[in-house]
Amino acid sequence: MTERDHDWDYLLDARWTLDVPEGWRAEIMDEMVLLAPPPDARHFLLAGAVHEALARRLPGEAYLHRWPSVGLPLLGELYVPTLAVAASSAEGQRDASDVLLAVEITSRSTARQDRTKKLRGYAHAPVPLYLLIDRFDRPGPTVTLYSEPSDGAYGQSVRVPFGKPVELPEPFGTTLDTTGFPLP
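Position numbers for residues count from 1 along each chain, tracking the sequence in the order it is written. Selection of residues for local features in this predicted model requires a pLDDT of at least 70, selection of side-chain atom pairs for listing and counting requires 80 or more, and totals for whole chains, interfaces and linings are taken over all residues. Based on all heavy atoms of the structure, the side-chain values leave hydrogens and waters out of the count.

## Some thoughts on the layout of surface pockets
Any residue with an atom within 4 Å of a point lines the site, the site being either a cavity, points on a 1 Å grid over the protein atoms alone where a 1.4 Å probe fits but cannot get out, or a pocket, an open set with protein on both sides within 12 Å along at least 5 of 7 lines. Grid points are joined across faces, edges and corners, and a volume is the space filled by probe spheres set on the points. Computed from the structure, the largest pocket encloses a volume of approximately 190 Å³. If you trace the largest pocket, you find it lined by Arg15, Trp16, Leu18, Val20, Trp24, Arg25, Ala26, Trp67, Ser69 and Val80. When the residues that make up the lining of the largest pocket are grouped by side-chain class, the tally is 7 nonpolar, 1 polar and 2 charged. The nonpolar class holds Ala, Val, Leu, Ile, Met, Phe, Trp, Tyr, Cys and Pro. Asp, Glu, Lys and Arg form the charged class, and all remaining residues, Gly among them, are polar.

Now the structure itself:
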């Protein structure tokens, strides 16, 4: 066991033994356990709309999860995306290699991490699709779909403002309608 493996195991143990307040999320980034506060009502409305759209178009043996723990052991990170489509129905922590699509909806306190750290982490994993719903983007709220991960970066991205459709490629093959997304 390498020192990095030992540190990862230690951080995972610390994360799982924390008494995290209800609604809060504990993630591991930069060799620290970080707590994210509960999302606001608009976050929940967005999550519900995206959940509903994805639930109708799940590929084959895929499962849709709300706030799953997604481990990126090679990076020593653990994220809790808003939604994830995975090849497994198992609850608890899953490896990022099992995730087909990660969905992050920004909060004021997490926007920077979702735009940078998690973008790189999901690409490095590699998670085939990363959907970033950025309520606090400038000049206004946007939805960005990242795809074609390679060498720790996404090769393609499509960014649209709220109100414009986002095409989710196969294995979803559907259009995500953002016209009803609530503004921050």
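## Looking at the nonpolar core
Among the nonpolar cores identified, the biggest contains 24 residues, and Leu54, Leu131 and Ile133 are the most heavily contacted of them. Mapped by element, the contributors of at least two residues to this core are helix H2 (41-55), strand E6 (83-86), strand E8 (99-105), strand E9 (129-134), strand E10 (142-150) and strand E12 (166-168). A run of DSSP states H or I qualifies as a helix once it reaches four residues; a run of E qualifies as a strand once it reaches two. Both are numbered from the N-terminal end. With 5 residues, H2 is the single largest residue contributor to this core. Ignoring anything within four residues of it in the chain, the contact list for Ile133 reads Leu46, Val50, Val103, Glu104, Ile105, Thr106, Thr142, Val143, Phe162 and Phe181. Membership of the second largest hydrophobic core comes to 16 residues, among which are Leu72, Ala84, Ala96 and Val127. Think of a nonpolar core as a cluster: buried Ala, Val, Leu, Ile, Met, Phe, Trp, Tyr and Cys residues, connected wherever their side-chain atoms sit within 4.5 Å. Each residue gets one of three labels from its accessible area relative to the maximum for its type: buried under 20%, exposed over 50%, partly exposed in between, using a 1.4 Å probe on protein chains only. We call two residues in contact when some of their heavy atoms are within 4.5 Å.

## Observations concerning empty space enclosed by the protein
Applying the stated criterion across every chain yields a total of 1 cavity of 30 Å³ or more. Within this model, the largest cavity holds a volume of roughly 50 Å³. Around the largest cavity sit Arg25, Glu27, His43, Trp67, Val80, Thr82, Glu104, Ile105, Thr110, Asp114 and Lys118, which together line it. Mapped by element, the contributors of at least two residues to the lining of the largest cavity are strand E1 (25-29) and E8. Split by residue class, the lining of the largest cavity holds 3 nonpolar, 3 polar and 5 charged.

## Quick notes on the confidence of the model for the chain
Every residue carries a pLDDT, the predictor's confidence in it, which falls somewhere between 0 and 100. The predicted model of the chain has a mean per-residue pLDDT of 89, with 96% of residues at 70 or higher. Mean pLDDT across the elements of the chain bottoms out in helix H1 (residues 3-17) (70) and peaks in E9 (98).

## Points about the sheet that holds strand E11 (residues 153-161)
Criterion used throughout: strands pair if DSSP finds at least two bridges between them. In spatial order, the strands read E3-E6-E8-E9-E10-E11; together these 6 strands make up an open sheet with mixed pairing. One side of each edge strand has no neighbouring strand; the edge strands of this open sheet are strand E3 (63-66) and E11. Neighbour-to-neighbour, the strand axes of this sheet turn through a mean angle of 15°, independent of strand direction. Two strands pair when backbone bridges link them, and E10 and E11 are joined in this way by 8 bridges, in the antiparallel orientation. Within E11, the position partnered with Leu145 by the bridge is Val158. Axis definition: a line fitted to C-alpha atoms, over the contacting stretch in the case of helices. Angles run 0 to 180 degrees between N-to-C directions. Running over the sheet, helix H4 (residues 117-124) touches E8, E9, E10 and E11 and is turned about 130° from E11.

## A closer look at the pairing of E9
For E9, the tally of buried residues reaches 6 of 6 residues, placing the bulk of the element in the interior. Along E9, one buried face is formed by Leu129, Leu131 and Ile133 and the opposite face, lined by Tyr130, Leu132 and Asp134, is buried too. With 5 bridges joining them, E8 and E9 adopt parallel strand pairing. Within E9, the residue paired with Val103 across the bridge is Leu131. Bridging between E9 and E10 involves 6 bridges; their strand directions are antiparallel. Within E10, the position partnered with Tyr130 by the bridge is Tyr146.

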